[in-house]
Amino acid sequence: MADSLRERTIAENSMVILLQGLQGQVTTVDLKNESTARGRVVNVDAFMNIRLKDVLYRDRKGQLTQLQELFITGRNVRYVHIPDHIDIMKTIESQLAKIHRVRNFASQGGGRKEYTKKSKKHSGATSETKRNEKIKGLRTKET
Amino acid sequence: MCGILKIIFDEVKMCQPTTNTVEEPLDLIRLSLDERIYVKMRNDRELRGRLHAYDQHLNMILGDVEETVTTVEIDEETYEELYKSTKRNIPMLFVRGDGVVLVAPPLRVG
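Residues numbered from 1 in each chain as written. Chains lettered and ligands numbered in written order. Predicted model: local features only at pLDDT ≥ 70, side-chain atom pairs only at ≥ 80, totals over all residues. Heavy atoms only, no water.

1. Considerations on the overall build of chain A
As a reminder of what qualifies: Where helices and strands are cited, they refer to DSSP runs of H or I of at least four residues and of E of at least two residues respectively, numbered from the N terminus. Partly exposed residues are those whose accessible area sits between 20% and 50% of the maximum for their type, while under 20% is buried and over 50% is exposed, using a 1.4 Å probe and protein chains only. By definition, residues are in contact when any of their heavy atoms lie within 4.5 Å.
The number of helices and strands found in chain A is four helices and five strands. If you list the helices and strands of chain A from N to C, you get α-α-β-β-β-β-β-α-α. Burial status across chain A gives 36% buried among its 143 residues. A fraction of 47% describes how many contacts in chain A between residues 6 or more apart in sequence connect residues 24 or more apart.

Dropping the structure here:
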């Protein structure tokens, strides 16, 4: 789980969140330099940097190397093979739920919120309808 | 809740876009969700697969994808160009957006 607000926001708004849900899975990553790395995903950050362990690394010539750990810079990723048994929707939904749990964690005790309630759009209410409600509320008070 | 993630998987829309009209180029890709598409990539690669999800970077999730890599070999003596293509099939692939050149409906050969 990304530790910074910035990384959480970046991940929440892009497909990287699916890759983050692949933690613990064995996958193959195709790199831009035509080599491939197959191993267990330790961590993926918002910039698509990937940490793998127990890796079989095949270079562009086909030569195999075994590596305990491999760090791949996000910019070097071409493809990530998604294992067949992964349910994409569920993985993404559970990753988003994790982010929202962290975000709401402090607010329950009246502590620091990551966002003020005003800027949250998902409640469906736009700032205009909220303003209209406030005006309605004022009107009923006056009459 | 999910920012600008747009996904259709098994006909369940995860995030409805705020408007159904086509306003910007990315909206044209939205029209191709859950359809088979053709993706031209850098380094003479092409992908044909079913678009399951995409984002603003053009990171994409493609299902039942066939990747075609085209190489040109030049005959030493005759100097003629020999175009070779290698294909492989991958059931589910995450594609990093910075490799994508264009996205189109699948090319009809006949």
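More follows now that the structure is in view.
2. What about the interface of chain A and chain B?
Defined as follows: By buried area we mean how much accessible surface two parts lose on assembly, using a 1.4 Å probe and totalling the loss over both. Think of a salt bridge as a Lys or Arg side-chain nitrogen and an Asp or Glu carboxyl oxygen that are within 4 Å of each other. Whenever two N or O atoms come within 3.5 Å, that pair is a polar contact, provided that in protein one can donate a hydrogen and the other can accept it, and provided that, for residues adjacent in sequence, both atoms are side-chain atoms. Gly falls in the polar group here, along with every residue not listed as nonpolar (Ala, Val, Leu, Ile, Met, Phe, Trp, Tyr, Cys, Pro) or charged (Asp, Glu, Lys, Arg).
Chain A puts 28 residues into the contact, and the matching count from chain B is 30 residues. Of the roughly 2500 Å² buried between chain A and chain B on both sides combined, carbon and sulfur atoms contribute 64%. Salt-bridge contacts for E34(A) lead to R45(B); the nearest nitrogen and oxygen are separated by 2.6 Å. Inspection of the region where chain A meets chain B yields eleven residue pairs in polar contact (both at pLDDT 80 or more). Breaking the side of chain A that touches chain B down by element, the ones donating at least two residues are α2 (16–20), β5 (77–81) and α3 (88–108) of chain A. Per element, the largest residue contribution to the side of chain A that touches chain B is six residues, and it comes from α3(A). Tallied by class, residues from the side of chain A that touches chain B come to 14 nonpolar, six polar and eight charged.

3. Some thoughts on the side chain of N49(A)
Residue and element names in this part refer to chain A. Within the fold, N49 resides in the loop between β2 (36–44) and β3 (50–58). There is a polar contact of 2.9 Å between the side chain of N49 and the side chain of D45. The contacts of N49, once residues within four sequence positions are left out, are N43, V44, F71, I72, T73 and G74.

4. Observations regarding the UniProt feature "domain: Sm" (unreviewed entry) in chain A
For the record, the criterion: UniProt positions are given in the numbering used here, feature names are shortened, and annotations may be inferred rather than shown by experiment.
In the UniProt entry, the feature "domain: Sm" (unreviewed entry) is given for residues 14–86 of chain A. What you have in residues 14–86 of chain A is 7% helix and 52% strand, and the ends, taken at the C-alpha atoms, are 18 Å apart.

5. Observations regarding the nonpolar core
Operational definition: Here, the term nonpolar core denotes a set of buried Ala, Val, Leu, Ile, Met, Phe, Trp, Tyr and Cys residues that are joined through side-chain atoms within 4.5 Å.
Formed by 30 residues in total, the largest nonpolar core has its most connected members in L52(A), I72(A) and F94(B). Contributing elements (two or more residues each) for this core: α2, β1 (26–31), β2, β3, β4 (64–72), β5 and α3 of chain A together with β6 (81–95) of chain B. F94(B) has contacts with M15(A), L18(A), L19(A), M48(A), R78(A), Y79(A), V80(A), I82(A), N59(B), M60(B) and I61(B), leaving out every residue within four places of it along the chain. Core analysis: the next-biggest nonpolar cluster, separate from the first, contains 17 residues, M41(B), V65(B), V95(B) and V100(B) among them.

6. Digging into unusual backbone geometry
Residues and elements named next belong to chain A. The backbone of E34 sits at a positive phi, close to 70 degrees, despite the residue not being glycine. Assignment of secondary structure puts E34 in the loop between β1 and β2. Judged by its relative accessible area of 34%, E34 falls in the partly exposed class. Of note, the phi angle at D54 is positive, near 55 degrees, even though the residue is not glycine. Looking at the secondary structure, you find D54 in strand β3.

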